[in-house]
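# Per-entry structural report
So the chains spell out like this:
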Amino acid sequence: MNNFTFYSPTYFVFGKGEENRAGEMVKRFGGNKVLIHYGGGSAVRSGLLDRVKKSLENEGISYVELGGVKANPRSGLVYEGIDLCRKEKVDFVLAVGGGSVIDSSKAIAAGTVYEGDFWDYYTGKPVEKALPVGTILTIAAAGSEGSPDSVITNEDGMYKRGASGEAYRPVFSIMNPELTTTLPPYQTACGITDIMAHLMERYLTNTKDVTTTDRMIEGLMLAMIEEGPKAIKDPSNYEVRANIMWAGMMAHNNSCGVGRSQDWISHNIEHELSALYDCAHGAGLAVTFPAYLSLVYKHDIPRLVQWATRVWGCDENKENPEETIFEGIKRYRAFLKEIGMPLTLAEVGGKEEDIDALAHTACYGEGGDGKLYGFVTLDEEQVKEVYRKML
Ligand code: NZQ
Ligand code: ZN
């Protein structure tokens, strides 16, 4: 296992009705003037936004609001939020929504206290300072409620980039699984796919002797395989929703990724899809991950055999281990199909003639040196091959 430091200071408040403690939490973490940031309307329609406002009012906390965050959040609204926070002297950003709202909130929180352009953070500058961010999560997926990351789409060119830093860890996250029961099945499935992908990105490691984190990852994947289809069939099942919601946090706050190298090539390849075609991130990953695995599995056959046998219950074919891996990939695809995910580029709006441009942006886009590094190193031609495997 590699040396590591791990600091995950987020205060989690989990369970039914806990969004009514938003005011208490903001006060606890020193907020006096809050920006409530939310998405395209689900939090308004469900009455959640009203409950959150009431909770702030009960604690005598004033607020301003900015809604309209789109899935795959855009730079334009971030600039708007920064202006608003400066004008209104906001000292706390409260995200009410999913990963897109949380990521937009993080970008606003950093940009408000930075003299330069917030986009600097999305081209490699570590995020060292930001207003405190609290979240009220409405979808189990991105894991941004516990992560030090944020992903924003630059509207000037429509490409997606991530920023990272300890200042991006939310000070608190309220997680009420009941809030996720209003999700359409497709969004629920996208979330489950993203959670699986966050686990896979960590499972694909080059570090040896990482039994503890391997077993944690396998356990979380098994839980998703068990609970995922149940959430699609019975969307209002609280216990199923609760298990998925906590798995989403555990999959990405890095408690099961410490001390080991990680991959993230599939996420880089996917980000070009959701930026260009505006498909859901989870849907893009459903198309990307099996395609990627079928290209890179040879890099570490014993690790992929371990994955296929332990996670997908495949029998080990000792004479032909590749067969075991192919069966694992087949079962992964079947699981994604069962929960309603797309499996081809065309299903997320992609076109074969875009592949050269997609691969080029993935490899040479802002900050890129022509290769993608992770479990393996891929050059532009190999990245094209991954996209071609999605056809
Ligand atoms: O905007 P509203 O109306 O709220 O609708 C949203 C949106 O259309 C809807 N929704 C959310 N909660 C709902 C609901 N609809 C009904 N009932 C509810 N309770 O769901 C749609 C998707 O929401 P979004 O926030 O986009 O989903 P998700 O949490 O999957 O976030 C995706 C974004 O996170 C980024 C992705 O790239 C993508 O931009 N990621 C962020 C990461 C991080 N910060 O650590 C890591 C991830 O790998 C990921 O890249
Ligand atoms: Zn993801």
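Notes on the structure follow. The model shown is predicted, which means the values in this text are computed figures rather than measured ones.

## What about helix α14 (residues 380-388)?
Among the residues making up α14, those that are buried are Glu 380, Val 383, Lys 384, Val 386 and Tyr 387. In a view along the axis of α14, the buried residues occupy a sector of 155°, so they form one face of it. Next to the buried residues of α14 lie α9 (265-277), α10 (281-296), α13 (355-364), β9 (371-373) and β10 (377-379). One side-chain oxygen of the residue at the start of α14 lies 3.2 Å from the amide nitrogen of Glu 381, identifying that residue as Asp 379.

## Examining the coordination of the zinc ion (ligand 2)
A four-donor tetrahedral metal ideally has 109.5 degree angles, and a six-donor octahedral metal ideally has angles of 90 or 180 degrees. Looking at the zinc ion (ligand 2), the protein donor atoms are Asp 194 (OD), His 198 (NE2), His 267 (NE2) and His 281 (NE2), and they sit 2.0 to 2.1 Å from it. In terms of primary sequence, the donors binding the zinc ion (ligand 2) are separated according to D-x3-H-x68-H-x13-H. Placement of the pair is His 198 in helix α6 (residues 185-203) and His 267 in helix α9, with a sequence separation of 69 residues. Like His 267, His 198 is buried.

## Description of the nonpolar core
Grouped together as the largest cluster of nonpolar side chains are 101 residues, with contacts concentrated most on Tyr 292, Trp 307 and Tyr 387. Excluding its chain neighbours within four sequence positions, the residues that come into contact with Tyr 292 are Leu 204, Asp 263, Ile 265, Ser 266, Phe 375, Val 376, Leu 378 and Val 386. Among the nonpolar cores identified, the runner-up in size contains 20 residues, and Ile 36, Tyr 38, Ile 136 and Ile 174 belong to it.

## Describing the packing of aromatic side chains
Each aromatic ring pair is characterised by the separation of its centres together with the angle its planes make. All told, the structure shown has 18 aromatic pairs when counted by the stated rule. When the centroid spacing of 6.4 Å and the interplanar angle of 50° are considered together, the rings of Phe 289 and Tyr 332 count as tilted. Taken together, the residues Phe 289 in helix α10 and Tyr 332 in helix α12 (residues 321-338) connect sequence positions 43 residues apart. Pair check on accessibility: Phe 289 and Tyr 332 agree, each one buried. Taken together, the aromatic side chains of Phe 289, Tyr 292, Trp 307, Trp 312, Tyr 332 and Phe 335 make up a single cluster linked through ring pairs. Here the basic side chain of Lys 16 rests over the ring of Tyr 238, its NZ or CZ set 4.4 Å away from the ring centre. A cation over an aromatic ring shows up here: Arg 303 above the ring of Tyr 203, its NZ or CZ 5.0 Å from the ring centre.

## Looking at the sheet that holds strand β3 (residues 62-66)
Taken in spatial order, the six strands of this open sheet run β1-β8-β5-β4-β2-β3, and their pairing is parallel. Because the sheet does not close on itself, it has two edges, and the strands there are β1 (11-14) and β3. For this sheet the average axis-to-axis angle between neighbouring strands, irrespective of direction, equals 20°. Sheet topology places β1 next to strand β8 (residues 172-175); four bridges connect them, and they run parallel. Within β8, the residue paired with Val 13 across the bridge is Ile 174.

Conventions adopted
Residues numbered from 1 in each chain as written. Chains lettered and ligands numbered in written order. Predicted model: local features only at pLDDT ≥ 70, side-chain atom pairs only at ≥ 80, totals over all residues. Heavy atoms only, no water. Buried < 20%, exposed > 50% of the residue type's maximum accessible area, 1.4 Å probe, protein only. Helix = DSSP H or I, 4+ residues; strand = E, 2+ residues; numbered from the N terminus. Arc of directions from axis to C-beta. Contact = heavy atoms within 4.5 Å. Polar contact = N/O pair within 3.5 Å; in protein donor to acceptor, adjacent residues only side chain to side chain. Donors = N, O, S within 2.8 Å, 3.2 Å for Na, K, Ca; no water. Core = buried A, V, L, I, M, F, W, Y, C linked by side-chain atoms within 4.5 Å. Phe/Tyr/Trp six-rings, centres within 6.5 Å; stacked < 30°, edge-to-face > 60°. Lys NZ or Arg CZ within 6 Å of the ring centre and 35° of its normal. Pairing = 2+ DSSP bridges. Axes fitted to C-alpha atoms, helices over the stretch in contact; angles between N-to-C directions.

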